[in-house]
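Overview (structure and organization)
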Amino acid sequence: MPATRLNVVVTRRLPEAVETRMKELFDVELRDPDTPMSREDLSAAMRRCDVLVPTITDQIDAGLIAQAGDKLKLIANYGSGVDHIDVATARQRGILVSNTPGTVTDDTADMTLALMLSVTRRIPEGLAEMQAGKWQGWSPMAHLGGRMGGRRLGILGMGRIGQAVARRARAFGMQVHYHNRKRVRPDIEAELEATYWESLDQMIARMDIISVNCPHTPSTFHLLNARRLKLLKPTAVIINTSRGEVIDENALARGLKAGEIGGAGLDVYEHGAEINPTLRSLPNVVLLPHMGSATVEGRIEMGEKVIINIKTFADGHRPPDQVVPGML
């Protein structure tokens, strides 16, 4: 084996095609059990490898980075979000960080619309009735939901995914509104027929559906806090396919239980797999196990981006998808 091949450690199972290509290009250590590495195993891996390929389930904090060996020069994240990586500390240590932007855009946007339909049309309730064998036949007043067309959709975060959600929402006849750190270009606004709100408070108070599509950063933690959730119309629906930390989950659960919020469709949660039990018990809440980007095509594209970033780095260039603190 050529001595110049980079030693790469992959922390989770990836699609077979991705793992095979990595084997062809690098001296790669693949993981057999599809479970997260322990902190001790992560630390050991970061001491012996040139490149670490983590996922969202790996918390690469300042403590772990401080223990990394001198060999580690690239953290090639398998995923777009990097809130689980201390990018600033990595940069201080001379470790580059890359991600896989654009690979999950359409899949996540599709799931966002699926959750909207699931909540507004009460699909899980109908499914549960059919599976329990309780359906007695059609009735004009049974399972009444609401139509999507004509509703005002407020998108929180108008990046790639937010714009993809807007395009799908327009096809359903929805009115698109958005709040973003920066206003998007006029041509994008015109294409999406989107109305910009500088004030998040003013926007969410007027919307029928709120779609959370912003990343988790220090400035977006609990962006939808208890005070802002109180501003929602009692018929409003919240959809979150981004990051659970953007919403105060306990406050959301209280509002839903009290009838102050009309419903919610969630694919991500503030504390990972530890979900507020109230959310599980409410009929107007649809919960999914972080499936937003879970397509075969998307997972392979993510892996291909990781490989391109590593190969570019191995060839002596900066990875095309390098992440720097200023981008966060």
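Whatever comes next refers back to the structure up there.
Residues numbered from 1 in each chain as written. Predicted model: local features only at pLDDT ≥ 70, side-chain atom pairs only at ≥ 80, totals over all residues. Heavy atoms only, no water.

**Overview of the overall build of the protein**
Counting secondary structure elements, the protein contains 13 helices and 12 strands. Whereas a compact globule of 328 residues would reach a radius of gyration of roughly 20 Å, the protein reaches 22 Å, a difference of no more than 12%. C-alpha atoms of the protein, sized along the principal axes, occupy 70 × 50 × 35 Å. With 328 residues in all, the protein has 50% of them scored as buried. Long-range contacts, defined as pairs at least 24 residues apart, comprise 60% of the intrachain contacts of the protein with a sequence gap of at least 6. For the protein, the centre of its 40 positive side-chain charges and the centre of its 39 negative side-chain charges are spaced 4 Å apart. (Helix = DSSP H or I, 4+ residues; strand = E, 2+ residues; numbered from the N terminus. Rg over C-alpha atoms; globule rule 2.2 N^0.38 Å. Buried < 20%, exposed > 50% of the residue type's maximum accessible area, 1.4 Å probe, protein only. Contact = heavy atoms within 4.5 Å. Lys, Arg positive; Asp, Glu negative; His and termini not counted. Charge placed at Lys NZ, Arg CZ, Asp CG, Glu CD.)

**Regarding the sheet that holds strand β3 (residues 51-53)**
A sheet is described by the order of its strands in space; here 5 strands give the open sequence β2-β1-β3-β4-β5, paired in parallel fashion. Two strands lie at the open edges of the sheet, namely β2 (27-29) and β5 (96-98), each paired on one side alone. Between one strand axis and the next, the sheet turns through 20 degrees on average, direction left out of account. Looking at chain direction, strand β1 (residues 7-10) and β2 are connected through 3 bridges and run parallel. Bridge assignment links V8 to a residue of β2, and that residue is V28. (Pairing = 2+ DSSP bridges. Axes fitted to C-alpha atoms, helices over the stretch in contact; angles between N-to-C directions.)

**Description of the sheet that holds strand β6 (residues 152-156)**
Here we have 7 strands laid out as an open sheet, ordered β8-β7-β6-β9-β10-β11-β12, and parallel in their pairing. The open sheet terminates on both sides in strands that have one partner only, identified here as β8 (194-196) and β12 (285-287). With direction set aside, neighbouring strand axes in the sheet form an average angle of 20 degrees. Of the strand pairs in this sheet, strand β9 (residues 209-212) and strand β10 (residues 237-240) are connected by 4 bridges, and their pairing is parallel. Within β10, the residue paired with I209 across the bridge is V237. Helix-sheet contacts for helix α7 (residues 160-171) involve β6, β7 (175-179) and β9, and the interaxial angle to β6 is about 170 degrees.

**Regarding the pattern of salt bridges**
Within this structure, the stated rule accounts for 19 salt bridges. Between E189 and R183 there is a salt bridge, with its nearest N and O atoms 2.7 Å apart. The exposure class of E189 is buried, given its relative accessible area of 12%. Judged by relative accessible area, which is 54%, R183 ranks as exposed. Between D315 and K311 there is a salt bridge, with its nearest N and O atoms 3.2 Å apart. For K311, a relative accessible area of 33% gives the class partly exposed. Here the residues in one salt-bridge network are D106, D110 and R168, joined through shared partners. (Salt bridge = Lys/Arg side-chain N within 4 Å of Asp/Glu carboxyl O.)

**Considering the packing of helix α1 (residues 16-25) against helix α13 (residues 296-314)**
To characterise two packed helices, one gives the angle between the axes of the helices and the distance between these axes. Interaxial distance between α1 and α13 falls to 9 Å at its minimum, and their mutual angle equals 15 degrees. Comparing their axes, α13 and α1 come out roughly parallel. Considering how the two elements wind past one another, α1 and α13 form a crossing that is right-handed. Between α1 and α13, the residues in contact are V18, R21, M22 and L25 and R299, I300, G303, V306, I307 and K311, respectively. (Parallel < 35°, antiparallel > 145°, perpendicular 65-115°, else oblique. Left-handed = near helix turned anticlockwise from the far one by under 90°.)

**Looking at helix α5 (residues 105-120)**
For α5, spanning 16 residues, the distance from its first C-alpha to its last is 23 Å, which sits close to the expected 22 Å at 1.5 Å a residue. Counting buried positions along α5 gives 12 out of 16 residues, so the element sits mostly inside the fold. T105, D107, T108, A109, M111, T112, L113, L115, M116, S118, V119 and T120 are the residues of α5 that are buried. Positive backbone phi, approximately 60 degrees, marks R122, located one or two places after α5. (Expected span 1.5 Å × (residues − 1).)

**Description of the pairing of β1**
Burial along β1 is two-sided: the residues N7 and V9 and V8 and V10 are all buried. Regarding the hand of the β-α-β motif, the stretch spanning β1, α1 and β2 is right-handed. (Right-handed = clockwise from strand over helix to strand, strands pointing away.)

**Points about the nonpolar core**
General note: in soluble globular proteins, nonpolar side chains tend to be found buried as a group. Ranked by size, the top nonpolar core spans 29 residues in total, and within it L224, L229, L232, L252 and L256 carry the most contacts. For this core, the secondary structure elements donating two or more residues are α9 (200-204), β9, α11 (249-257) and β11 (263-266). With 4 residues, α11 is the single largest residue contributor to this core. Apart from residues lying up to four places away in sequence, L232 is in contact with I204, I210, I238, E260 and I261. (Core = buried A, V, L, I, M, F, W, Y, C linked by side-chain atoms within 4.5 Å.)

**A word on the pairing of β9**
Along any regular strand, the residues point their side chains to alternate faces of the sheet. The alternating pattern of β9 places I209 and S211 and I210 and V212 on opposite faces, both of which are buried. Two elements, β6 and β9, share 4 bridges in a ladder whose sense is parallel. Bridge pairing in β9 links G154 to I210.

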